[in-house]
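Residues per chain, in single letters:
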Amino acid sequence: MNALVDSSPYVQRRERLFAAIGDDIAIIPTAPEVLRNRDTGYLYRHDSYFYYLTGFVEPESVLVLVGGNERKAILFCREKNLEREIWDGYRYGPDAAREIFRFDEALPIEKLKEELPKLMADRSAVHTPVGMGAAWDAEIAAAINAVRNMSRTGVSAPNSVIDVRATLDDMRLIKDRHEIDLMRRAAVISSLAHTRAMNTARPGQYEYQVEAELSHEFIRHGARTPAYNHIVASGPNACVLHYNDSNRKMQDGDLLLIDAGCEYEGYASDITRTFPVNGKFTGPQRDVYQAVLDAQLACMDVLKPGQPFNKYHDVAIEVLSQRMLDLGLLKGTLDQVIEEKTYMKFYMHRAGHWIGMDVHDAGDYRKKGVWQTLQPGMAITNEPGLYIRPDKDVPEHFWNIGIRIEDDVLITATGNENMTITTPKTVAEVEAACGR
Ligand code: GLY
Ligand code: MN
Ligand code: MN
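Here is what the cut-offs are and how they apply
Residues numbered from 1 in each chain as written. Chains lettered and ligands numbered in written order. Predicted model: local features only at pLDDT ≥ 70, side-chain atom pairs only at ≥ 80, totals over all residues. Heavy atoms only, no water. Helix = DSSP H or I, 4+ residues; strand = E, 2+ residues; numbered from the N terminus. Buried < 20%, exposed > 50% of the residue type's maximum accessible area, 1.4 Å probe, protein only. Contact = heavy atoms within 4.5 Å. Areas by Shrake-Rupley, 256 points an atom, 1.4 Å probe, with all protein chains shown as cover. Lys, Arg positive; Asp, Glu negative; His and termini not counted. Charge placed at Lys NZ, Arg CZ, Asp CG, Glu CD. Donors = N, O, S within 2.8 Å, 3.2 Å for Na, K, Ca; no water. Tetrahedral: all angles 85-135°; square planar, octahedral: opposite > 155°, others 65-115°. 1 Å grid on protein atoms, 1.4 Å probe; cavity = no way out; pocket = protein on both sides within 12 Å on 5 of 7 lines; lining within 4 Å. Points joined across faces, edges and corners; volume = space filled by probe spheres on them. Nonpolar A, V, L, I, M, F, W, Y, C, P; charged D, E, K, R; others polar. Axes fitted to C-alpha atoms, helices over the stretch in contact; angles between N-to-C directions. Parallel < 35°, antiparallel > 145°, perpendicular 65-115°, else oblique. Pairing = 2+ DSSP bridges. Near = heavy atom within 4 Å. Polar contact = N/O pair within 3.5 Å; in protein donor to acceptor, adjacent residues only side chain to side chain. Sits in = over half its atoms within 2 Å of the grid points.

Moving on to the overall build of the chain. Across its full length, the chain carries 13 helices and 21 strands. The proportion of buried residues among the 436 residues of the chain is 52%. Taking the contacts inside the chain whose residues are at least 6 apart along the sequence as the reference set, 71% of them involve residues at least 24 apart. Accessible area for the chain stands at about 19,700 Å²; split by element, carbon and sulfur atoms hold 50% of it. A distance of 1 Å separates the average location of the 50 positive side-chain charges in the chain from that of its 63 negative side-chain charges.

Attention now goes to the coordination of the manganese ion (ligand 3). For a metal bound by four donors in tetrahedral geometry, the ideal donor-metal-donor angle is 109.5 degrees, whereas six donors in octahedral geometry ideally sit at 90 or 180 degrees. On the protein side, the manganese ion (ligand 3) has Asp270 (OD), His353 (NE2), Glu383 (OE) and Glu406 (OE) as donor atoms, found 2.1 to 2.2 Å from it. Coordination geometry of the manganese ion (ligand 3): the six donor atoms subtend angles of 50 to 154 degrees at the metal centre, consistent with an arrangement described as irregular. Each donor residue of the manganese ion (ligand 3) belongs to the same chain, with the gaps between them written as D-x82-H-x29-E-x22-E. Metal-to-metal, the separation of the manganese ion (ligand 3) and the manganese ion (ligand 2) is 3.2 Å; Asp270 coordinates the two. Here Asp270 is found in the loop between β13 (267-268) and β14 (271-276), whereas its partner His353 is found in the loop between α12 (334-339) and β15 (366-367), with 83 residues between them in sequence. Its relative accessible area of 4% is what places Asp270 among the buried residues.

For an α-helix, 3.6 residues make a turn, and residues three or four places apart therefore share a direction. Turning to helix α5 (residues 112-120), its buried residues are Leu112, Glu115, Leu116, Pro117, Leu119 and Met120. Looking at the buried residues of α5, the elements they touch are β1 (25-29), β4 (62-66), β5 (72-77), β6 (105-108), β7 (125-128) and α6 (134-149).

Attention now goes to the layout of surface pockets. Size it by volume and the largest pocket reaches roughly 1,700 Å³. As for the largest pocket, its lining consists of 41 residues, and the residues nearest its centre are Tyr44, Arg45, His46, Val57 and Arg224. At the level of secondary structure, the elements contributing two or more residues to the lining of the largest pocket comprise α8 (177-200) and β9 (225-226). When grouped by side-chain class, the residues that make up the lining of the largest pocket number 21 nonpolar, nine polar and eleven charged. In this structure, the second largest pocket encloses a volume near 460 Å³. Lining the second largest pocket are 20 residues, with His242, Asp259, His353, His360 and Glu383 positioned closest to its centre. Classifying every residue of the lining of the second largest pocket gives eight nonpolar, seven polar and five charged.

Moving on: the packing of helix α10 (residues 283-302) against helix α13 (residues 427-434). The packing of two helices is summarised by the inter-axis angle and the distance between the axes. Running from N to C, α10 and α13 point in directions that differ by 125 degrees, and their axes come no closer than 11 Å. Of the possible angle classes, the one that applies to α10 and α13 is oblique. When α10 is examined against α13, the residues Arg286, Tyr289 and Gln290 are found in contact with a partner set consisting of Val427, Val430 and Glu431. Along the lines of polarity and charge, the residues of the contact of α10 with α13 split into three nonpolar, one polar and two charged.

Glancing now at unusual backbone geometry. Notably, Ser246 is not glycine yet its phi reads approximately 55 degrees, a positive angle. With respect to the element layout, Ser246 can be found in the loop between β10 (231-234) and β11 (255-260).

This brings us to the sheet that holds β13. As summarised here, the arrangement of the three strands in space is β9-β12-β13, forming an open sheet in which the pairing is antiparallel. Strand pairing shows two members of the sheet lacking a second neighbour, β9 and β13, which therefore form its edges. Pairing analysis gives two bridges linking strand β12 (residues 262-264) to β13, with the strands arranged antiparallel. Along β13, the bridge assignment pairs Glu263 with Ala268. Lying on the sheet, α8 is in contact with β12 and β13; it crosses β12 at an angle near 145 degrees.

Moving on, we come to the site of ligand 1. Surrounding ligand 1, one finds Tyr228, Asp259, Asp270, His353, His360, Glu383 and Glu406. The contact in question runs from an oxygen atom of ligand 1 to an N or O atom on the side chain of His360, over 2.7 Å. A distance of 3.0 Å is found between an oxygen atom of ligand 1 and a side-chain nitrogen or oxygen belonging to Glu383. Relative to its unbound accessible surface of 200 Å², ligand 1 loses 86% to contact with the protein. One can see that ligand 1 is located within the second largest pocket. In terms of residue class, the shell around ligand 1 is made up of one nonpolar, two polar and four charged.

Structure follows, in structure tokens:
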């Protein structure tokens, strides 16, 4: 397994963090293990910031970067332990971890408490996640206090703690080549899963049977976990934005909205498709579908370098509002609908979000009140939708139609790359994939 680790992307990212911290010290822990019930844990998931800088996925690990002349990257991790490895599996141990992941030093995690005050001494600031968890905040405070207690030996304690996530968020916003390759792979696997769902869903099945097809496709391609909980929402459930029960029996004539994306090697994908369970859109379903699709395609046109982040949301509002007027879902003029936000009755979420290691990825959307400008290397979802609940003011043939169409888009130098493009999307493509 070891020979396959390419540590160079992580070394490069650490170089950038070294440059950002100057003479200070950065301390980044991975995520704690979390119990699910009694003595049974959730499948372990590392912390994304820690992973970004290390590629190391074992729990109980902490990265320390000591800046300035001493300049060294130190990993604290679990020691090798044959007894534990018989039960829980392989662990690198400090020596192998140092060599394979190219740290300057690696020490057993048990040494952290003792070493941190020494490493912090005479550094003016500590860069670490602040407010991420009470236990970690307390650990940092205790280490700073321990340096203060050494002050009679002539050392001084750091006088500020800076949230390192602000620096890392800016880095994470622009994906590097290594990340883009993994995100493309995650996107393709999720695309296969959605296509499989279209191929196999039938009236009379339960939503969880479709969910099983998604999981099957993810896992058989090496993506063991979803990037977020699957949404498999048929009929009226499609109008529940975060529907999670997956227990309804699907009916002939239903639409099925699936929002599902795998996590592959620590990177998320996030696709939504909506299709008729019996393979053929009804007239009203097709009209609403086409409205959402046209909005999504119009959004694609403004996902390019130089555009402010919110531009595509405005485009989504404009196209959807006009279509809602055309379909008789709303009354008034386009200006009124936009000004008075009456579109929010049927379109109540934003057009998308950053995506990367986390499905709703790190990074500011606005800085000091100004929307971020799109740049090559940013990854973003494009996901307008319409959700029409039963309502006396709405023509009945539209009731319970909920449609969202979501792709994962990489901003490139010349425009964008739709990483999830292989997922059927037009009415004809979707009906063909349903194959009936
Ligand atoms: N699946 C979560 C989202 O679309 O934002
Ligand atoms: Mn989604
Ligand atoms: Mn999304």
